[in-house]
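Observations on the three-dimensional arrangement
Each chain, letter by letter, is given below.
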Amino acid sequence: MHEPGHEDGFDAEGLEATLENVERLTAFGTLISSLEYLAAGKSFADDDLLSWDVARTRHKALAGRVGDLLTPLMKSPGINVVFAARAAGSIVLLVPRAPSAAKTTATAVLTASNYALHLRTPYGSDGSEHISMITYTSLLASRLARSDERAQQACMHFIALQSCLSYGVAGISKLVSPVWRNGTAVRDIFRTHMYGHSRVYELLKSKPWAARLLAWVTITGETGFPLVLVAPKPVARGILASGLSFHGGNAVFMGLNRFLWAFLGTYPAVAYTSRNLGPIRGRSKSRLVARLTGSKR
Amino acid sequence: MTGRTLLRTALYGVFGSWLVGTVLCQDPFRREDRIRRLDQFNLIFPDWRFFAPNPGIHDYHLLYRDTLASGEVTEWSEIGHIEERKPHHIVWHPHRRLEKTLFDIVAEILRFSGESEAKRDMALTVPYLTLLNYITHRYPHAPNARSTQFLVAASGGYEQSEEPTMLFLSESHRLERGHRESDGEPERIHAERMGT
């Protein structure tokens, strides 16, 4: 029996739970990121590193009237209002019983500000912001399409495919590189203060086999990640668990803490899209069997 | 076709194009990115080729010095530092944003300086102006300093056996009134700014 308004064959509860889990994990990362921005907010002052007066000269549009309109929110101290709004929006998404309209508004604010901040300056941002842009845009689309479960499902699939693509591309780009295949790339990344770690570097330098092993574990793990979509359940779970530990390790040893929440936030969508982890598949399979056997549900 | 179906089809079209566009600008060898160039503001197509195919294996260092009224030149002072990793950084690492910001600015300066000099007036580029603005106003200068300049160098990071190399040297720029006069060591100023 289907609930009114729910299309045939969709696990509405599974879809709703997936949306909420993506929202919460991503919002938690945004909350931390916004508070970090507020804690180091001096950088946005006119005479500092992320001065709006200098940054806006990057684009003609921003240097002109459009930029003038944005100035109150892009210039310090107004920019702090944007970060405070992002922190507040994240909290709204983290509160389970917040009204749906409030969550939709919060998602819209987070989506728009994500693009606006990236447009303001590309400095200091990274792949975690890009995956967040994709996630929030999809979440906003799914909230605006609440009455259309197929559209909502497409939003989750889009997040999942971009997430799998990110790992796959990262892995293949390493696989084609001789310095990755022989382990020197990973050793030399770890020698930098920016992305490295002194003790890990000493280990990799003294034991080249360990550098090669780490490189190949990374290459294999990243390239093979998209298999989560078709792998048997235990393997798919293992892939997600190894992804989690990969990001945990990157946060601890490489300073990539923002990637942890941004990419972890896509995992519920990846699980939902996965053939053997997603709730939708069981229903679809039953329907297919029912159709093939001519029986009615 | 109902309005809902139409909207859904439009959504499929947007997501499909976005996905195809993303795939097309991920050449693993980073040869030419024609599609990416269409995304002028770098808002649409992510770059998923993390640390590949050839990752950065150097630390960048930003330094500045002043020329005094007497013509003397001060010692180079380094700007910014990278914090040693600590366990709590896994959840809370506000300094990281500043580290990445400086890293990106310096990387862009180096990218621009590698391009044809004739095509680009370096001193009018955003990264150059950003650093000049920052150094002029946020770092201490001697009361009798007449001009300041900065340089970007690369080092082997924890690999001490590798000699640092100078990669970019700015012009010397006249200091106007309003720049920060020296009231302490640059490191102390930096720590004060970061609240550490």
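Our subject is the structure listed above.
A few points on the structure. Predicted model only: the values in this text are computed from it and were never measured.

Let's talk about the overall build of chain A
A tally of helices and strands in chain A yields 16 helices and zero strands. By the burial criterion, 56% of the 297 residues in chain A qualify as buried. For chain A, restricting intrachain contacts to residue pairs at least 6 apart in sequence, the fraction spanning at least 24 positions comes to 69%. Of the roughly 12400 Å² of accessible surface on chain A, 65% is carried by carbon and sulfur atoms.

A closer look at a nonpolar patch on the surface
Together, Leu35 and Leu38 of chain A together with Val91 and Trp92 of chain B line one region of the surface with nonpolar side chains, adding up to about 310 Å² of accessible area. Its location among the elements puts Trp92 of chain B in the loop between strand S2 (77–79) and helix H3 (95–114). Here Trp92 of chain B falls in the partly exposed class, since its relative accessible area comes to 35%.

With respect to the packing of helix H13 (residues 233–254) of chain A against helix H14 (residues 257–264) of chain A
Residue and element names in this part refer to chain A. Relative orientation of the contacting elements H13 and H14 amounts to 160°, with a least axis distance of 7 Å. Comparing their axes, H14 and H13 come out roughly antiparallel. For the crossing formed where H13 meets H14, the hand is left-handed. Between H13 and H14, the contacting residues are Leu244, His247, Gly248 and Ala251 on the first element and Asn257, Phe259, Leu260, Phe263 and Leu264 on the second. Residues of the contact of H13 with H14, tallied by class, amount to six nonpolar, three polar and no charged.

Details of the packing of H3 of chain B against helix H4 (residues 126–138) of chain B
How two helices sit against one another is set out by the angle between their axes and by the gap between those axes. All names here are of chain B. One way to put it is that H3 packs onto H4 with a least axis distance of 8 Å and a crossing angle of 130°. Considered as vectors, H3 and H4 are oriented oblique to each other. Crossing handedness for the pair H3 and H4: left-handed. Only Pro127, Tyr128, Thr130 and Leu131 of H4 make contact with H3, whose side of the interface consists of Leu102, Ile105, Glu108, Ile109 and Phe112. For the contact of H3 with H4, the class distribution of residues is seven nonpolar, one polar and one charged.

Section: empty space enclosed by the protein
To find leftover empty space, a probe the size of one water molecule is rolled over the atoms. Inspection of every chain in the model, using the stated rule, returns four cavities of 30 Å³ or more. Considering only enclosed or pocket space, the largest cavity measures out at about 340 Å³ in volume. Around the largest cavity, the lining comprises 30 residues; the ones closest to its centre are Ser33, Arg86, Asn114 and Glu129 of chain A together with Arg97 of chain B. Those elements that provide at least two residues to the lining of the largest cavity are helix H1 (12–39), helix H5 (78–94), helix H6 (100–120), helix H7 (127–144) and H14 of chain A. Top element by residues in the lining of the largest cavity is H1 of chain A. It accounts for eight residues. For the lining of the largest cavity, the class distribution of residues is 11 nonpolar, 13 polar and six charged. Size it by volume and the second largest cavity reaches roughly 60 Å³. Tyr37, Ala40, Ser43, Phe44 and Leu50 of chain A together with Arg97, Leu98 and Thr101 of chain B together form the lining of the second largest cavity. Per-element tally for the lining of the second largest cavity: the top contributor is H3 of chain B, with three residues.

Concerning the interface of chain A and chain B
If you look at the interface, chain A gives 85 residues, while chain B gives 67 residues. Summed over both partners, the interface of chain A with chain B buries about 7000 Å², with 64% contributed by carbon and sulfur atoms. Of all residues in chain A, the largest losses of buried area upon contact with chain B belong to Leu49, Arg191 and His193 of chain A, amounting jointly to 12% of the total for that side. Inspection of the chain A/chain B interface yields seven salt bridges. Here chain A is connected to chain B by 39 residue pairs in polar contact (both at pLDDT 80 or more).

Concerning the layout of surface pockets
Taken as a whole, the second largest pocket holds about 590 Å³ of empty space. Breaking the lining of the second largest pocket down by element, the ones donating at least two residues are helix H8 (149–175), helix H10 (184–189), helix H12 (208–224), H13 and H14 of chain A.

Here we look at the nonpolar core
Core analysis: the biggest nonpolar cluster contains 68 residues, and Met156, Trp180, Phe225, Val228 and Val270 of chain A together with Trp48 of chain B have the highest contact counts within it. Looking at this core, the element that brings in the most residues is H8 of chain A, giving 11 residues. Excluding residues that lie within four positions of it along the chain, Val228 of chain A makes contacts with Cys164, Ala236, Ile239, Leu240, Val270 and Ser274 of chain A. Residues Val54 of chain A together with Leu62, Met122 and Ile135 of chain B belong to the second largest nonpolar core, which totals 34 residues.

Topic: the pattern of salt bridges
This structure, assessed with the given rule, holds 24 salt bridges over all chains. We note a salt bridge from Asp27 of chain B to Arg31 of chain B, for which the minimum N-O separation is 2.9 Å. Across the pair Glu99 of chain B and Arg96 of chain B runs a salt bridge, and its minimum N-O distance is 2.8 Å. Taken together, the residues span about one helical turn, with Glu99 of chain B and Arg96 of chain B both in helix H3 at a distance of three residues. Exposure class is identical for Glu99 of chain B and Arg96 of chain B. Each is buried. Through salt bridges that share partners, Asp126, Glu129 and Arg258 of chain A together with Arg97 of chain B make up one connected network.

Thresholds applied
Residues numbered from 1 in each chain as written. Chains lettered and ligands numbered in written order. Predicted model: local features only at pLDDT ≥ 70, side-chain atom pairs only at ≥ 80, totals over all residues. Heavy atoms only, no water. Helix = DSSP H or I, 4+ residues; strand = E, 2+ residues; numbered from the N terminus. Buried < 20%, exposed > 50% of the residue type's maximum accessible area, 1.4 Å probe, protein only. Contact = heavy atoms within 4.5 Å. Areas by Shrake-Rupley, 256 points an atom, 1.4 Å probe, with all protein chains shown as cover. Patch = residues over 30% accessible without salt bridge, like charges linked within 9 Å, V, L, I, M, F, W, Y side chains within 5 Å. Salt bridge = Lys/Arg side-chain N within 4 Å of Asp/Glu carboxyl O. Axes fitted to C-alpha atoms, helices over the stretch in contact; angles between N-to-C directions. Parallel < 35°, antiparallel > 145°, perpendicular 65-115°, else oblique. Left-handed = near helix turned anticlockwise from the far one by under 90°. Nonpolar A, V, L, I, M, F, W, Y, C, P; charged D, E, K, R; others polar. 1 Å grid on protein atoms, 1.4 Å probe; cavity = no way out; pocket = protein on both sides within 12 Å on 5 of 7 lines; lining within 4 Å. Points joined across faces, edges and corners; volume = space filled by probe spheres on them. Buried area = accessible area lost by both parts, 1.4 Å probe. Polar contact = N/O pair within 3.5 Å; in protein donor to acceptor, adjacent residues only side chain to side chain. Core = buried A, V, L, I, M, F, W, Y, C linked by side-chain atoms within 4.5 Å.

No statement about biological role is implied by the geometric values presented.
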